[in-house]
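Architecture and fold: a report
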Amino acid sequence: MALTPDEIRSKVLQRLNSLYEQNFNDSVDANDFCTEFSLSAKQLEVIIMPLLATGWVEKARQSLTSYALRLTELGKEELDRQTRNAENERTREVILDALSVECEKNPYNSVDSESLIPRLGIDWNKLGFNLKILETYGYVHLTKYFGAGHPAYYVSLTPEGKTVHDNPPPKVLFLSHAAADEEIAKYFKELIEKSFPRI
């Protein structure tokens, strides 16, 4: 039974996401997808157009006859949201915490991303792609350097990043209840407010 275009897009995203978790700079040759789904190059192009249009996927290693696909930072973040994977969001909070401490010592210093790996207990790939996501928000400034054997950066916290870290937006939780359960709703509200600050 042939897959629908939505199913193919979903499988493309799953494969690119899996690869991104191993090496965020890596990409998959479009011909691999053509072979996997028995598609012509033109058919694949039409199917992936929505992914390219939303910015979730981008073309890499383009030549006259071929190209590769890679997941973007936006695509990674959106997939995490859809799958309710909050691990990377927590990782970004930990990174901002560490950078905020350094910023308070000297706001003009940059931090070598290599020094954050052992300090935060995060592998280079997870650190790298979460730094790239923070950069898309304007929370960090990254200066790439070579010689580490993988993407490495001098990282500095921007004023926006420091402000967001120090004043995180409140989180909202909506509880619906019937009028008959008003006392239970009040109890839940108090319990949640004590348990989860900023909600």
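Scope of this entry: the structure provided in the associated data block.

Parameters at a glance
Residues numbered from 1 in each chain as written. Predicted model: local features only at pLDDT ≥ 70, side-chain atom pairs only at ≥ 80, totals over all residues. Heavy atoms only, no water. Axes fitted to C-alpha atoms, helices over the stretch in contact; angles between N-to-C directions. Helix = DSSP H or I, 4+ residues; strand = E, 2+ residues; numbered from the N terminus. Parallel < 35°, antiparallel > 145°, perpendicular 65-115°, else oblique. Left-handed = near helix turned anticlockwise from the far one by under 90°. Contact = heavy atoms within 4.5 Å. Nonpolar A, V, L, I, M, F, W, Y, C, P; charged D, E, K, R; others polar. 1 Å grid on protein atoms, 1.4 Å probe; cavity = no way out; pocket = protein on both sides within 12 Å on 5 of 7 lines; lining within 4 Å. Points joined across faces, edges and corners; volume = space filled by probe spheres on them. Buried < 20%, exposed > 50% of the residue type's maximum accessible area, 1.4 Å probe, protein only. Pairing = 2+ DSSP bridges.

Interhelical geometry of helix α1 (residues 5-22) versus helix α3 (residues 41-54) gives an angle of 60° and a closest axis separation of 10 Å. Between α1 and α3, the angle is such that the two are oblique. Judged by the sense of rotation from one axis to the other, the crossing of α1 with α3 is right-handed. Taking contact as the criterion, the partners of Pro 5, Ile 8, Arg 9, Val 12 and Leu 13 in α1 are, on α3, Ile 47, Pro 50 and Leu 51. Classifying every residue of the contact of α1 with α3 gives 7 nonpolar, no polar and 1 charged.

By the definition in use, this model includes 2 cavities of 30 Å³ or more. Here the largest cavity defines a volume of roughly 60 Å³. Taken together, Leu 99, Glu 102, Cys 103, Asn 106, Pro 107, Asn 109, Val 111, Val 155, Ser 156 and Leu 157 form the lining of the largest cavity. Looking at the lining of the largest cavity, the elements that each hand over two or more residues are α5 (87-105) and β6 (152-157). In the lining of the largest cavity, the residues fall into 6 nonpolar, 3 polar and 1 charged. Quantified by volume, the second largest cavity comes out at close to 30 Å³. Lining the second largest cavity, in full, are Ser 113, Glu 114, Ile 117, Trp 124, Leu 127, Gly 128, His 150, Pro 151 and Tyr 153. Those elements giving two or more residues to the lining of the second largest cavity turn out to be α6 (113-120) and α7 (124-136). Split by residue class, the lining of the second largest cavity holds 5 nonpolar, 3 polar and 1 charged.

Our next topic: the pairing of strand β3 (residues 68-71). Residues Ala 68 and Arg 70 line one face of β3 and the alternating positions Leu 69 and Leu 71 line the opposite face, and both faces are buried. With 2 bridges connecting them, strand β1 (residues 28-29) and β3 associate as antiparallel partners. Residue pairing for β3: Asp 29 is matched across the bridge by Ala 68. Pairing of strand β2 (residues 57-60) with β3, which is carried by 4 bridges, proceeds in the antiparallel orientation. Note that in β3 the partner of Glu 58 across the bridge is Arg 70.

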